[in-house]
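Next come the chains, spelled out residue by residue.
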Amino acid sequence: PNILHLVVKEHVPKAMIEDDNMIFFVDAAGKKILEIEPKQIHDFENIMMLYGENAVLYLSNLLEFIEEDSEIFSYIEYGEWVGDRRWDIKLVNGVKIMLPEIDPERAWRRFLKINKKINLFDYRIKSVDFRLDDRIFFKMKNRKILEHIS
């Protein structure tokens, strides 16, 4: 009769979002769990920022495949939900990974495979575009575009 049972559920921050000029941590389901001051954002560089309308609704799907490689995951600066249909992933070195609307998981695995072969961090790459299924475009920082037919 004098026993109190408590269940504590910890929400793990997986990303940050901006809403009404405030920054919030969100969990894997996209639920706001804690408000932080915008000036504190640099204290949490290991947690990616999310941009794009409705991005939090698709966060869990994104996390399912981008967390597979913890090393690359730690280099993600932000995820942007583009056109309410697909993701762009920006890495801390400035490389933008443009994922397709259909089967972004496959494109991400292709990115990981290419990166293991040639370490894209060693090159002056601005973006890697996976939006076409049969080819990959590399845009170099010096404006040249390289095409890789898969």
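Structure: above.
The shown structure was predicted, so the numbers you read here are calculated from the model rather than taken from an experiment.

Rules used in this analysis
Along each chain, residues carry numbers from 1 onward, in the same order as the chain's sequence is written. Reporting of local features is limited, given that this is a predicted model, to residues whose pLDDT is at least 70; pairs of side-chain atoms are given and counted only at 80 or more, and all residues count toward the totals for whole chains, interfaces and linings. Water and hydrogen atoms play no part in the side-chain values, which are based on all heavy atoms of the structure. Any Lys or Arg side-chain nitrogen found within 4 Å of a carboxyl oxygen on Asp or Glu counts as a salt bridge. Accessibility here uses a 1.4 Å probe with only protein chains present; expressed as a share of the type maximum, an area under 20% marks a residue as buried, one over 50% as exposed, and anything in between as partly exposed. Joining through side-chain atoms within 4.5 Å is the link that ties buried Ala, Val, Leu, Ile, Met, Phe, Trp, Tyr and Cys residues into a set, and such a set is a nonpolar core. By definition, residues are in contact when any of their heavy atoms lie within 4.5 Å. Patches were defined on residues exceeding 30% relative accessible area and lacking a salt bridge, with like-charge contacts within 9 Å and nonpolar side-chain contacts (Val, Leu, Ile, Met, Phe, Trp, Tyr) within 5 Å. Values of accessible area rely on a 1.4 Å probe in the Shrake-Rupley scheme; residue burial ignores everything except the protein chains shown. Secondary structure elements are defined from DSSP: runs of H or I of at least 4 residues count as helices, runs of E of at least 2 residues count as strands, and each element is numbered from the N terminus. Only the six-membered ring of Trp is used, alongside the rings of Phe and Tyr, when aromatic pairs are assigned; centres must lie within 6.5 Å, and planes under 30 degrees apart are stacked while those over 60 apart are edge-to-face, with the rest tilted. Criterion for a charge above a ring: Lys NZ or Arg CZ within 6 Å of the ring centre, and within 35 degrees of the ring normal.

Here we look at the pattern of salt bridges
Step number 1: With the rule as written, the count across this model stands at nine salt bridges.
Step number 2: The partner of Asp88 in a salt bridge is Arg86, with the nearest N and O atoms 2.5 Å apart.
Step number 3: Classification of Asp88 as buried rests on a relative accessible area of 4%.
Step number 4: Judged by relative accessible area, which is 5%, Arg86 ranks as buried.

What to know about the nonpolar core
Step number 1: Grouped together as the largest cluster of nonpolar side chains are 34 residues, with contacts concentrated most on Met48, Ile66, Ile89, Ile97, Trp108, Phe111 and Val128.
Step number 2: When near neighbours in sequence (up to four residues on either side) are disregarded, Ile97 contacts Trp87, Asp88, Ile89, Leu91, Trp108, Phe111, Val128 and Phe130.
Step number 3: Counting seven residues, the second largest nonpolar core, distinct from the first, contains Met16, Ile23, Phe25 and Ile36.

Some details on a nonpolar patch on the surface
Step number 1: Together, Leu4, Leu6 and Val8 give the surface a local cluster of nonpolar side chains, amounting to about 410 Å² of exposed area.
Step number 2: For Val8, the position within the fold is in the segment before strand S1 (15-19).

Observations concerning the packing of aromatic side chains
Step number 1: For the structure on display, the rule yields six aromatic pairs.
Step number 2: Look at Phe25 and Phe44: their rings are 4.9 Å apart centre to centre, the planes differ by 90°, and that puts the pair in the edge-to-face class. Of the two residues, Phe25 is situated in strand S2 (residues 22-26) and Phe44 in the loop between strand S3 (32-36) and strand S4 (48-51); the sequence distance between them amounts to 19 residues.
Step number 3: Its relative accessible area of 5% is what places Phe25 among the buried residues.
Step number 4: Given a relative accessible area of 25%, Phe44 falls into the partly exposed group.
Step number 5: For the pair Trp81 and Trp87, a centre-to-centre distance of 5.1 Å together with 55° between the ring planes defines the contact as tilted.
Step number 6: Aromatic ring contacts, followed pair by pair, group Tyr58, Trp81 and Trp87 into a single cluster.
Step number 7: If you follow Lys32 out to its NZ or CZ, it ends over the ring of Phe24, 4.5 Å from the centre.

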